[in-house]
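Listed below, chain by chain, are the residues.
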Amino acid sequence: KLLNLLTLLVLSFSSFSQALEEVTIVSNGINRKFYLKLPVAASAIQQSYPVIIGLHGDGGTGNGFASSSGLANLTSTMNFIGVFPNATAGGWNRAVQGQSPANDVKFIEDIIDYLCTNYFINRNKIYAVGHSAGGFMSYRLAIEKADKIAGICSIAGNLYGDAANNGQAFMNNYLGGANFIKIPILHIHGDSDGTVSYPDPNHQPDEWSEFPLTGFSYPTCGSTTYNASNVTNINANVKRIPYCEDGATSKPITLITNCWWWT
């Protein structure tokens, strides 16, 4: 259901007509801004809603991503609260365990606390979806805040480790740790992306080569790569590549390829 919902969200490019509420909070001593779209009038919220946090790419804004993704217009029809934060002028602090005055992990936590204080939200159904740099940031949330984020969707993004831990070492240190929590991942990427490397460049299921996707499926699903026989076509230009078999004990991880609108 998560994968179907997020697929619908990122494939929906509807006209943007509904106003957003602008909110400013202090996070880590810095004034931070985000935009909020409720499914109904605030006074009419009488149930706990899921939350989708939309993270823009470099050079973007929260309200711009709300519009371009179509997420804001889906809040009322899909019954969720849409949240669209602004990064600082330096962009998202998106490297795992990265440190700077703009502590974006803390910022997202503070947004969740704000929503919990002011609205009815379901804290078990908080998701992050991000494009490009926002996709990198969503991966950081999947690593560091799996206790608060139920699942992520990364569009044309990837995963940064800190300077001392890259590649297989990063997987061993972070994704293989005893305290690592695997959450559902939907990764959407154009294979001709010249800015962010596509994680399956040869279109072949090679062991471990589709990092970081394999880190979220192994060892729970036993998947160090995908099974080519499970690849299906969503349409002529888009493929669905599951990393866990349906019914696996871990929720499925999916890579969707050839998304021409992002390349």
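Residues numbered from 1 in each chain as written. Predicted model: local features only at pLDDT ≥ 70, side-chain atom pairs only at ≥ 80, totals over all residues. Heavy atoms only, no water.

Draft legend 1. Structural view of the packing of helix H4 (residues 104-118) against helix H5 (residues 133-144). Between H4 and H5, the least distance of the axes is 10 Å, while the angle of their chain directions is 75 degrees. Classified by the angle between their axes, H4 and H5 sit roughly perpendicular to one another. On the side of H4, the interface is formed by Asp 104, Val 105 and Ile 108, while H5 contributes Met 137, Arg 140, Leu 141 and Glu 144. A class-by-class count of the residues in the contact of H4 with H5 yields four nonpolar, no polar and three charged. (Axes fitted to C-alpha atoms, helices over the stretch in contact; angles between N-to-C directions. Helix = DSSP H or I, 4+ residues; strand = E, 2+ residues; numbered from the N terminus. Parallel < 35°, antiparallel > 145°, perpendicular 65-115°, else oblique. Contact = heavy atoms within 4.5 Å. Nonpolar A, V, L, I, M, F, W, Y, C, P; charged D, E, K, R; others polar.)

Draft legend 2. Seen up close, the packing of aromatic side chains. With the rule as written, the count across this model stands at five aromatic pairs. Pairing Tyr 139 with Phe 216 gives two aromatic rings, centres 6.0 Å apart and planes at 45 degrees, and the pair type is tilted. One end of the pair, Tyr 139, is in helix H5; the other, Phe 216, is in helix H7 (residues 213-217), and 77 residues separate them in sequence. Judged by relative accessible area, which is 0%, Tyr 139 ranks as buried. Between Tyr 226 and Tyr 243 the ring centres are 5.7 Å apart and the planes differ by 70 degrees, which places this aromatic pair in the edge-to-face class. (Phe/Tyr/Trp six-rings, centres within 6.5 Å; stacked < 30°, edge-to-face > 60°. Buried < 20%, exposed > 50% of the residue type's maximum accessible area, 1.4 Å probe, protein only.)

Draft legend 3. How the structure looks around the environment of Gly 29. When you line up the elements, Gly 29 lands in the loop between strand S1 (21-27) and strand S2 (30-37). Owing to a relative accessible area of 70%, Gly 29 belongs among the exposed residues under this scheme. In sequence terms Gly 29 and Asn 103 are 74 residues apart; their C-alpha atoms lie 9.8 Å from each other.

Draft legend 4. Geometry of the nonpolar core. Among the nonpolar cores identified, the biggest contains 46 residues, and Ile 81 and Val 83 are the most heavily contacted of them. Discounting residues that sit within four places of it in the chain, Val 83 has contacts with Phe 34, Tyr 35, Leu 36, Val 51, Ile 52, Ile 53, Gly 54, Ile 111 and Leu 115. Of all hydrophobic cores here, the second largest spans 15 residues; its members include Phe 65, Leu 71, Val 129 and Ile 155. (Core = buried A, V, L, I, M, F, W, Y, C linked by side-chain atoms within 4.5 Å.)

Draft legend 5. Examining the confidence of the model for the protein chain more closely. Summarising the model, the protein chain shows a mean pLDDT of 83, and 81% of its residues fall at 70 or more. Residue range residues 10-17 is modelled with pLDDT below 50. Its contacts to residues more than four positions away, or to other chains, number 21 contacts. Here residues 258-263 is modelled with pLDDT under 50, and outside its nearest four sequence neighbours on either side it reaches 19 contacts, counting other chains as well. (pLDDT = per-residue confidence, 0-100.)

Draft legend 6. The arrangement of the pairing of strand S8 (residues 232-235) in detail. Relative to strand S9 (residues 238-242), S8 is paired through three bridges, and the arrangement is antiparallel. When the bridges of S9 are listed, Thr 232 appears paired with Arg 240. Connecting S8 to the antiparallel partner S9 that follows it, the hairpin turn spans two residues. (Pairing = 2+ DSSP bridges.)

Draft legend 7. The arrangement of helix H2 (residues 62-69) in detail. Along H2, the residues that are buried comprise Gly 62, Phe 65, Ala 66 and Ser 69. Down the axis of H2, the buried set is contained in an arc of 105 degrees. They therefore lie on one face. Backbone geometry just after H2 places Gly 70 at a positive phi near 80 degrees. (Arc of directions from axis to C-beta.)

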